[in-house]
Amino acid sequence: MGEILLEVATDVPFGHGVPAQLGISGDALNVAASAAAAGARVGLLAVLTDDDLGQAITARIRGLGVSTELLKYRSGQQGVYLVHCDPDGQREFSYARSGSVGSSLGPDDVDPAVFAAAGAVIAGGIACAISASSRAAVVKAAQVSSRFVFDPNYRPRLTTVEEATAVLAELAPKAFLVTPSFPGETSALLATSSPQEAAAKLRSLGTANIAVTCGAEGIQLESETGSAWIDSIPAPAVVDQTGAGDAFVGTLTARLVLGDALSDAARYGAAAASLVVGGKGGTGFIPTLAQTRAHAASPANALNGGGLPSHV
């Protein structure tokens, strides 16, 4: 569940007449697409505009293998983000999402029967930050879901560290899985200085399972059965890091629901994340389960080190 965004991307700084590519993205869609590719049946709760653009986005969602039955349609403005390279070649983002139709998501949009029956429900800090009603929808989802997965996805442009910390403290006790990133989110939201300390603190708050992503180093796992470290997996090619963390969360959750052990599911999540960066845009390339498994099993990827892109 969350907000879907229109993506406008260029390979050069924005200016009149520069060519741009239109895409559909947003953390909720990136997660859903990756979970579907990992073998799960996936539905997406989001609000789209009730016009041709909304229908075009719906078609893209369906094309990614995600059910559109939970989508809502209302009058309003679709959220947009623009991504481009600055003169030094670094990617930068600009958002136009204030008052977007996606931010009208509310508790009444959460069907308790549907959410209770789901193998897992995934929501993120962005959905909590875009509006009070969307945050209330996420809280309701956490209360009625049998397995609630929360990705803090802290964005300083959207919320304060105090608000993001309060959201995490409220949702962590209800969560089956939380996936913060180290060091950015763990230091800001948990006041911890190591992945192990962050995982232990979330366990003390009541979270059942934790996967702390540590950029190019790997992933720290914590559960009732103990701790484990998963090495990162090198990316065959890096074109665009957008959506890598979302691919990790979607793949990890899907494989857990389908019966994989936490460590195996995290390994597949790391492999999917390192493949996603080979495409342009949040959903430019979503690897199949066969591709993810082959990448995770490659002898070269059994070595330490690698290039899992930063969760944030």
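Every residue gets a number counted from 1 within its own chain, in the order that chain's sequence is written. Only residues with pLDDT of at least 70 are given local features in this predicted model, and only at 80 or more are side-chain atom pairs given and counted; all residues enter the totals for whole chains, interfaces and linings. Only hydrogens and water are removed before side-chain values are computed, so all heavy atoms of the structure are retained for them.

**A few points about the overall build of the protein**
Strands here are runs of E lasting at least two residues and helices are runs of H or I lasting at least four, both read from the DSSP assignment and numbered beginning at the N terminus. Broken down by element type, the protein carries 11 helices and 12 strands. Note that the radius of gyration is over C-alpha atoms, with the globule rule given as 2.2 Å times the number of residues to the power 0.38. Here the protein has a C-alpha radius of gyration of 18 Å; the compact-globule value for 312 residues is 20 Å, and the two agree. Its C-alpha atoms give the protein principal-axis dimensions of about 50 × 45 × 35 Å. In the protein, buried positions account for 53% of the 312 residues. Contacts are assigned to residue pairs with any non-hydrogen atoms lying within 4.5 Å of each other. By sequence separation, contacts in the protein at least 24 residues apart represent 69% of the contacts at least 6 residues apart. To be clear on the numbers: accessible area is Shrake-Rupley with a 1.4 Å probe, and residue cover counts the displayed protein chains and nothing else. A total of about 12,600 Å² of accessible surface is found on the protein, and carbon and sulfur atoms cover 53% of it. When charges are counted, Lys and Arg are positive and Asp and Glu negative, with His and the chain ends excluded. All charge positions are set by atom: Lys at NZ, Arg at CZ, Asp at CG, Glu at CD. Counting 19 positive and 28 negative side-chain charges, the protein places the centres of these two groups 5 Å from one another. Between buried and exposed lies partly exposed: a residue is buried under 20% and exposed over 50% of the maximum accessible area for its type, with that area taken using a 1.4 Å probe on protein chains only.

**Comments concerning the pattern of salt bridges**
The term salt bridge refers to a side-chain nitrogen of Lys or Arg lying within 4 Å of a carboxyl oxygen of Asp or Glu. According to the stated counting rule, one finds five salt bridges in the structure shown. Arg 255 serves as the salt-bridge partner of Asp 260, at 2.9 Å between the closest nitrogen and oxygen. Among the charged side chains, a salt-bridge network with shared partners connects Arg 135, Glu 163 and Glu 170.

**With respect to the side chain of Asn 209**
Relative to the helices and strands, Asn 209 resides in strand S10 (residues 209-213). Assessed through its relative accessible area of 11%, Asn 209 is described here as buried. Once residues lying within four places of it in the same chain are set aside, the contact partners of Asn 209 are Phe 176, Leu 177, Val 178, Glu 222, Ser 223 and Leu 262.

**A few points about helix H5 (residues 132-144)**
Along an α-helix, a turn takes 3.6 residues, which lines up residues three or four apart on a common side. Here H5 is 13 residues long and its end C-alpha atoms lie 19 Å apart, about the 18 Å a rise of 1.5 Å per residue gives. If you follow the buried residues of H5, they end up packed against helix H3 (112-117), strand S7 (121-124), helix H4 (125-129), strand S8 (148-151) and helix H6 (161-171). A helix is expected to span 1.5 Å for every residue after the first.

**Looking at the confidence of the model for the protein**
Atom-level detail of predicted coordinates should not be read off regions where pLDDT is low. Per-residue confidence from the predictor is given as pLDDT, running between 0 and 100. Taken as a whole, the protein shows an average pLDDT of 91; of its residues, 93% reach a score of 70 or greater. Under a pLDDT of 50 for its full length, residues 303-312 has, in the predicted model, 41 contacts with residues more than four places off or in other chains.

**Things to note about the environment of Gly 79**
Here Gly 79 lies in the loop between strand S4 (72-74) and strand S5 (80-85). C-alpha of Gly 79 to C-alpha of Gly 102: the two residues are 23 residues apart in sequence and 6.9 Å apart in space. For Gly 79, the contacting residues outside a window of four places in its chain are Glu 3, Ile 4, Leu 5, Leu 6, Ala 96, Arg 97 and Ser 100.

**Section: the sheet that holds strand S12 (residues 226-231)**
Neighbouring strands of a sheet are bound in pairs by backbone hydrogen bonds; such pairs are parallel or else antiparallel. When DSSP locates at least two bridges between a pair of strands, those strands are taken to pair. Taking strand neighbours across the sheet as the criterion, the six strands line up as S7-S8-S9-S10-S11-S12 in an open arrangement whose pairing is mixed. Of all strands in the sheet, those with a lone pairing partner are S7 and S12, marking the two edges. Pairing analysis gives four bridges linking S7 to S8, with the strands arranged parallel. If you follow Val 121 over to S8, its bridge partner there is Phe 148.

**A few points about unusual backbone geometry**
Omega for the peptide link from Phe 182 to Pro 183 comes to 5°, which places this bond in the cis form. Position of Pro 183 among the secondary structure elements: in the loop between strand S9 (177-178) and helix H7 (184-190). If you check the backbone angles, Asn 153 has positive phi at about 40° while not being a glycine.

**So, the pairing of S8**
Consecutive side chains of a regular strand alternate in pointing toward one face of the sheet and then the other. Side chains Phe 148 and Phe 150 of S8 all project onto a buried face; the interleaved residues Val 149 and Asp 151 project onto the opposite face, where all are buried too. Pairing of S8 with S9 involves two bridges; the strand directions are parallel. Pairing of Phe 150 across the sheet is with Val 178, part of S9. Place the viewer so that the strands point away; then a crossover is right-handed whenever the path from the first strand over the helix to the second strand goes clockwise. The β-α-β motif built from S8, the intervening H6 and the parallel element S9 has right-handed crossover chirality.

**Side note on H6**
If you check which residues of H6 are buried, you get Ala 164, Val 167, Leu 168 and Leu 171. For H6, the buried positions fall inside an angular range of 95° around the axis, keeping them on one side. Its buried side turned inward, H6 meets H4, H5, S8, S9, H7 and helix H8 (195-205). Think of it as the arc spanned by the lines of direction from the helix axis to the C-beta atoms.

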